[in-house]
Structures are given as structure tokens and as C-alpha cells.
Amino acid sequence: MPAKLILSMDGVVIKEYPLTKERTTIGRKPHNDIAIDNLAISSEHAAVITILNDSFFEDLGSTNGSSINGAPTQKHFLQNNDVIEIGKYKLKYLNDQPTQTTSADFEKTMVLRAPVKTSSPHKVEESLNRGTTQAEAGALAAKQDSTTQFNTTAAKEDIKPTVSATATGQTQLAVIQILNGPNLGKELELSKNLTTLGKPGVQVAVLARRPHGYFITHVEGGSFPLVNGSSVGEQPHLLNDHDLIELAGVKMEFYFKA
């Protein structure tokens with residue numbers, strides 16, 4: 001049976017929602033998969049991303065925030081019996097299937113900034129390499145009209161390829177390479193089971209590493225990522241060697257390590 005969310009308020013069950021979609025949205029507006037007509041709920045409050053037996057909760061920058069098991073939460077790898085709290089409502093997560101991912105694999109989204117005109121992009125890149133904070137780098141980027149860049153975490157930690165234990169026994173390792181902006185040529189090894197890429201509030205996607213290949217799944221944004229110039233749509237899209245991905249205005253190439 002698929003995982004499900006049970007919506008309740010004040011201990012009274014309102015409805016059950018099987019997680020049969022890759023992306024289940026929660027919010028006040030009626031177009032959401034789980035629509036809760038309450039002013040404490042943002043129009044698009046949160047989303048649950050489900051890939052095979054794994055589900056992940058992400059607050060979409062809501063006004064009043066979200067909690068899981070009583071703790072304020074932005075992102076969370078859901079486990080059986082977790083309770084999501086949004087306003088006065090609760091959503092209990094039930095899943096009796098074994099998961100394939102750990103919470104460590106669901107890391108913070110690597111921010112990609114869309115290219116714009118630039119006069120001196122190297123100054124921004126140099127500041128990142130020196131360990132400048134993201135806020136300082138962002139201010140410098142704005143001043144210099146920077147082109148595409150990873151956030152500080154991605155630039156300093158994630159771009160250096162490292163083989164992790166999660167890679168053992170799975171499909172061949174793959175890499176994405178940035179094709180535009182000051183980080184042109186930089187590589188990110190996809191050794192985690194899940195890698196989130198994009199710009200929150202604009203466009204975010206998940207790259208999932210599974211035994212039968214790598215898949216890109218749309219998570220957030222009004223438009224879908226492009227692969228070889230075509231929209232990936234709502235369903236997971238299997239990536240092939242040397243596919244070209246465009247996400248949040250950033251172009252990158254996906255390929256398998258030799």
C-alpha cells in the first residue's frame with residue numbers, strides 16, 4: 001500500500017490522502033492536492049515529494065511555517081508516524097514500506113542563480129572561494145551583476161567529488177557539469193541518493209539516484225525543468241548520458257563517470 005497522510009484537527013480525522021503522486025501540494029487554494037481552507041495556511045504552504053518508498057516534506061516559504069513532531073521544520077525526511085502540524089491542522093504520515101534513503105541524503109537545496117549581465121564575475125567567485133558568507137556573496141553578486149553561482153555550501157563542499165557509502169551497490173556514478181556563468185566547468189558528483197537543485201521560490205528539482213538509473217523530478221516552481229529542450233512534466237524523467245538540463249536559468253550537462 002502507498003504511504004498516506006491523515007488530516008485531522010482537534011483529534012478528529014477529516015480525510016485520508018494516499019501519496020500516489022510524485023509531488024503532493026498542501027495549501028489554502030483549491031488547486032492544491034490537500035486543500036485546507038484556513039487563513040493560517042498559505043496559498044501554497046508545503047509539499048510532500050514521494051520517490052518510490054521515500055517521502056520528504058518541504059515548507060514552501062509559508063507565512064506561518066510548519067512543524068513536524070513539535071519542532072519547526074523547513075525540510076524533513078518523513079518516517080512512519082511523523083506528525084506534520086500546519087496551523088491547527090495535523091497530517092499524520094503512515095508508511096509501512098522500507099525506505100531507501102536517509103535524512104542525511106535530503107540536504108539543503110543548492111541555490112542556482114539565473115544568469116544576468118556581468119562586468120566582473122570573477123570577484124564573486126573569488127569571494128566564495130575565500131569562504132565569504134552567502135549574504136555577503138549575494139550582495140557582491142548584485143553589485144557586480146553576477147551570473148550563475150552555487151551558494152556557499154555547494155561551492156565549498158558539494159562540488160568536490162567524493163564517493164559516499166550511499167553509492168555502494170547502486171547504479172554507476174554520474175556527474176552534472178555547469179555550462180554557463182562564472183562556475184562554467186565546475187562539476188558536482190551525484191553520490192547522494194537525492195540531490196536538490198534550483199532556486200527556492202523559482203524552480204527546484206530533485207535528482208534521485210536509484211538502482212535502475214537517475215531521475216529528475218520537478219519539486220517547485222511554475223514551470224518544469226527542461227531536458228534537451230523539452231519539459232520533463234510532472235512525472236520523474238529518466239536521465240541519459242550527456243543529457244542537457246536547464247533549471248532555474250542554469251544549464252548543465254548530466255553524464256556518467258568514466
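Provided above is the structure to which this section pertains.
Below is a summary of the structure that appears in this document. This structure is a prediction, so every number in the text was calculated from the model and none was measured.

### A closer look at the pattern of salt bridges
One pass over the full model with this rule turns up five salt bridges. The partner of Glu 16 in a salt bridge is Lys 4, and the shortest N-O contact between them spans 3.2 Å. Note that Glu 16 is positioned in strand 2 (residues 12-18) and Lys 4 in strand 1 (residues 4-9), a separation of twelve residues in sequence. Across the pair Lys 21 and Asp 33 runs a salt bridge, and its minimum N-O distance is 2.7 Å. Of this pair, Lys 21 sits in the loop between strand 2 and strand 3 (23-27) while Asp 33 sits in the loop between strand 3 and strand 4 (34-35), placing them twelve residues apart in sequence. On the basis of relative accessibility, which here comes to 37%, the residue Lys 21 falls in the partly exposed class. Exposure remark for Asp 33: the relative accessible area of 29% places this residue in the partly exposed category.

### What about the pairing of strand 15 (residues 194-199)?
Burial runs high along strand 15: five of the six residues are buried. What sits between strand 15 and strand 16 (residues 203-210) in their antiparallel hairpin is a turn of three residues, with Gly 201 showing a positive phi close to 90°.

### Here's the deal with the layout of surface pockets
Considered as a void within the structure, the largest pocket measures approximately 420 Å³ in volume. Arg 23, Thr 25, His 218, Gly 221 and Glu 234 are the residues nearest the centre of the largest pocket, which is lined by 18 residues in total. Those elements that place two or more of their residues in the lining of the largest pocket are strand 3 and strand 17 (213-220). A breakdown of the residues in the lining of the largest pocket according to their chemical character gives three nonpolar, eight polar and seven charged.

Quick notes on the rules
- Residues numbered from 1 in each chain as written.
- Predicted model: local features only at pLDDT ≥ 70, side-chain atom pairs only at ≥ 80, totals over all residues.
- Heavy atoms only, no water.
- Salt bridge = Lys/Arg side-chain N within 4 Å of Asp/Glu carboxyl O.
- Helix = DSSP H or I, 4+ residues; strand = E, 2+ residues; numbered from the N terminus.
- Buried < 20%, exposed > 50% of the residue type's maximum accessible area, 1.4 Å probe, protein only.
- Pairing = 2+ DSSP bridges.
- 1 Å grid on protein atoms, 1.4 Å probe; cavity = no way out; pocket = protein on both sides within 12 Å on 5 of 7 lines; lining within 4 Å.
- Points joined across faces, edges and corners; volume = space filled by probe spheres on them.
- Nonpolar A, V, L, I, M, F, W, Y, C, P; charged D, E, K, R; others polar.

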